[in-house]
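# Architecture at a glance
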Amino acid sequence: MLRGRWIGVLVACLVVAGVFAFLGQWQLERAIDTEPPPPGMTEEVRPLADVVAPGEYLPEPYVGQRVETSGTWVSGDFLIVSSRFNDETEGYWVTGQLRVDENASIAVALGWAPDLVAAETAASALESEAAGTPAEVTGRLISDEGTALSKSDNPYAMPRMSPAMLLSQWNDIEELSVYRPYLASVEAPEGLVDINSPAPDELSAVNWLNVFYAIEWAVFAGFAFYIWYRLAKDRWEVEVEEFEERAGTAS
């Protein structure tokens, strides 16, 4: 181990272990949030523009944040999303495109219906009464659920609440900027039931996944030293065997 070759290998292992230790420290620093969101932050109603902008992903601390915004309902875009649960009862959501700015819209889940007929009736009523009219909406911001293929005979049926899927069926979308999250309204229009959208769980100040990664990097750093020790010992054992063979031949 004191030979120049193995001292060089040790230095290389020290460099590798130092890199691993730095990465572990970096992960540990990220694991502990020194400024966690204050309790009940999501229940404070904030302007939509203060929380997220069109095209941006919703930051984790703001998932479920109550916001308020105003705009105009776009005609022809009161669409239905299936597989929606309210108090463990499956049903449908009626959604709408709320044009909050000249070139920006957000998808809004307006309310829940227990069956498709009730959802279609409510959507027709909204089309005739609300389309093109100004509206003020308060609700929770929720991240896009992602797209999914329809399992029904209707290729336009939507089993998930996804602004990207809704956008493919919306009207008047040329040069339109769309919010990535959607808004679940806290108050349903007539003919629909309020969406059950409880406050999200409070975020922990410790990210345990990052703590696990930090431990992994520490193990990797220790493993670098073990490799050096194992290589040097293997070489020593080879030389001992060669010495014993020469000794045996000489005798």
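Provided above is the structure to which this section pertains.
What comes next is a walk through the structure. (Residues numbered from 1 in each chain as written. Predicted model: local features only at pLDDT ≥ 70, side-chain atom pairs only at ≥ 80, totals over all residues. Heavy atoms only, no water.)

## Quick look at the overall build of the protein chain
Keep this limit in mind: Numbering of helices and strands runs from the N terminus, with a helix taken as a DSSP run of H or I at least four residues long and a strand as a DSSP run of E at least two residues long. What the globule rule says is 2.2 Å times the number of residues to the power 0.38, and the radius of gyration is computed from C-alpha atoms. Classification of residues uses two cut-offs on accessible area relative to the type maximum, computed with a 1.4 Å probe and protein chains only: under 20% is buried, over 50% is exposed, and between them is partly exposed. Any pair of residues with heavy atoms lying within 4.5 Å of one another is described as a contacting pair. All accessible-area figures derive from a Shrake-Rupley calculation using a 1.4 Å probe, and residue coverage is judged against the displayed protein chains alone. The charge count treats Lys and Arg as positive and Asp and Glu as negative. His and the chain ends do not count. Throughout, a charge is located at the NZ atom of Lys, the CZ atom of Arg, the CG atom of Asp or the CD atom of Glu.
If you tally the helices and strands in the protein chain, you get five helices and eight strands. Start at the N end of the protein chain and walk to the C end: the helices and strands fall as α-β-α-β-β-β-β-α-β-α-β-β-α. In terms of C-alpha radius of gyration, the protein chain reaches 30 Å, well past the compact-globule figure of 18 Å for 251 residues. Reported as C-alpha extents along the three principal axes, the dimensions of the protein chain are approximately 105 × 45 × 40 Å. Looking at the protein chain residue by residue over its 251 residues, the buried ones come to 31%. In the protein chain, of all internal contacts separated by at least 6 residues, the share reaching a separation of at least 24 is 68%. When the accessible surface of the protein chain is totalled, it reaches about 15200 Å², and 56% of it is carbon and sulfur. Positive and negative side-chain charges in the protein chain, numbering 15 and 39 respectively, have mean positions lying 17 Å apart.

## What to know about the side chain of Arg 99
Threshold: Contacts described as polar in this section are N or O atom pairs within 3.5 Å, which, within protein, must combine one atom able to donate a hydrogen with one able to accept it, while residues neighboring in sequence count only if both atoms come from side chains.
Examined against the element boundaries, Arg 99 turns out to sit in strand β4 (residues 89-101). Exposure remark for Arg 99: the relative accessible area of 14% places this residue in the buried category. Separated by 2.8 Å, the side chains of Arg 99 and Gln 97 make a polar contact. A distance of 2.6 Å separates polar atoms of two side chains, one belonging to Arg 99 and the other to Ser 105. Once you skip the residues sitting within four places of it in the chain, Arg 99 turns out to touch Gly 71, Thr 72, Val 74, Ala 104, Ser 105, Asn 171, Asp 172 and Leu 176.

## A closer look at unusual backbone geometry
In this structure, Asp 172 takes a positive phi of about 50° despite not being glycine. Looking at the element boundaries, Asp 172 is found in the loop between α4 (163-167) and β7 (177-178). Not every positive phi belongs to a glycine, and Glu 175 is a case in point at roughly 55°. Here Glu 175 is to be found in the loop between α4 and β7. Residue Glu 175 is classed as exposed on the basis of its relative accessible area of 67%.

## Quick word on the pattern of salt bridges
Our working definition: By convention in these notes, a salt bridge is any Lys or Arg side-chain nitrogen within 4 Å of a carboxyl oxygen on Asp or Glu.
Taken as a whole and assessed by the stated rule, the structure comprises six salt bridges. Here Glu 237 and Arg 230 are joined by a salt bridge, their closest N and O atoms 3.9 Å apart. Looking at Glu 237, the relative accessible area reads 30%, which means it is partly exposed. Residues Arg 235 and Glu 239 are paired through a salt bridge, measuring 3.4 Å at the closest nitrogen-oxygen approach. Placement of both Arg 235 and Glu 239 in helix α5 (residues 208-250) is noted, with a separation of four residues, approximately one turn of the helix.

## Section: a negative patch on the surface
The criterion, for reference: Patches here are clusters of residues that have more than 30% relative accessible area and form no salt bridge, with a 9 Å joining cutoff for like charges and a 5 Å cutoff for nonpolar side chains (Val, Leu, Ile, Met, Phe, Trp, Tyr).
Together, Glu 241, Glu 242, Glu 244 and Glu 245 give the surface a local cluster of negative charge. With a relative accessible area of 52%, Glu 244 lands in the exposed category.

## Notes on the packing of aromatic side chains
The condition is simple: Note on aromatic pairs: the rings of Phe, Tyr and Trp (six-membered ring only in Trp) are paired at centre separations within 6.5 Å, and the planes decide the class, stacked below 30 degrees, edge-to-face beyond 60, tilted for the rest. Throughout this description, the term charge over a ring refers to an Arg CZ or Lys NZ atom that lies within 6 Å of the ring centre and within 35 degrees of the ring normal.
For the structure shown, the criterion picks out seven aromatic pairs. Here the aromatic residues Phe 20, Trp 217 and Phe 220 are joined through ring pairs into a cluster of three or more. Above the face of the Trp 93 ring, Arg 84 is positioned so that its terminal group lies 4.9 Å from the ring centre. The ring of Tyr 57 has Arg 180 sitting right over it, with the charged end atom 4.1 Å from the ring centre.

## Notes on helix α3 (residues 116-129)
This is how the line gets drawn: By definition here, a helix of n residues has an expected span of 1.5 Å times n minus one. Comment: arc refers to directions from the helix axis out to C-beta atoms.
For α3, spanning 14 residues, the distance from its first C-alpha to its last is 20 Å, which sits close to the expected 20 Å at 1.5 Å a residue. Those residues of α3 that fall on the buried side of the exposure criterion are Ala 119, Ala 122, Ala 123 and Leu 126. One face of α3 carries all of its buried residues, which in axial projection span an arc of 100°. Projecting away from the buried face of α3 at angles above 90 degrees are the exposed residues Val 117, Ser 128 and Glu 129. The inward-facing, buried residues of α3 contact β3 (79-86), β4 and β5 (104-113). For α3, the N-terminal capping position is held by Asp 115, with its side-chain oxygen 3.2 Å away from the main-chain nitrogen of Val 117.

## Examining the pairing of strand β6 (residues 134-142)
Under the convention used in this document: Paired strands, in this sense, are two strands between which DSSP finds at least two bridges.
Judged from the seven bridges that link them, strand β2 (residues 66-73) and β6 form a sheet pairing that is antiparallel. Opposite Arg 66, over in β6, you have Arg 140 as the bridge partner.

## Focus on the nonpolar core
Selection criterion: For our purposes a nonpolar core is just a set of buried Ala, Val, Leu, Ile, Met, Phe, Trp, Tyr and Cys residues, chained together by side-chain atoms within 4.5 Å.
One finds Trp 73, Ile 106, Val 108 and Leu 141 to be the most contacted residues of the largest nonpolar core, which totals 25 residues. Those elements that provide at least two residues to this core are α2 (48-51), β2, β4, β5, α3 and β6. Core analysis: the next-biggest nonpolar cluster, separate from the first, contains 16 residues, Val 81, Ala 107, Met 161 and Met 165 among them.

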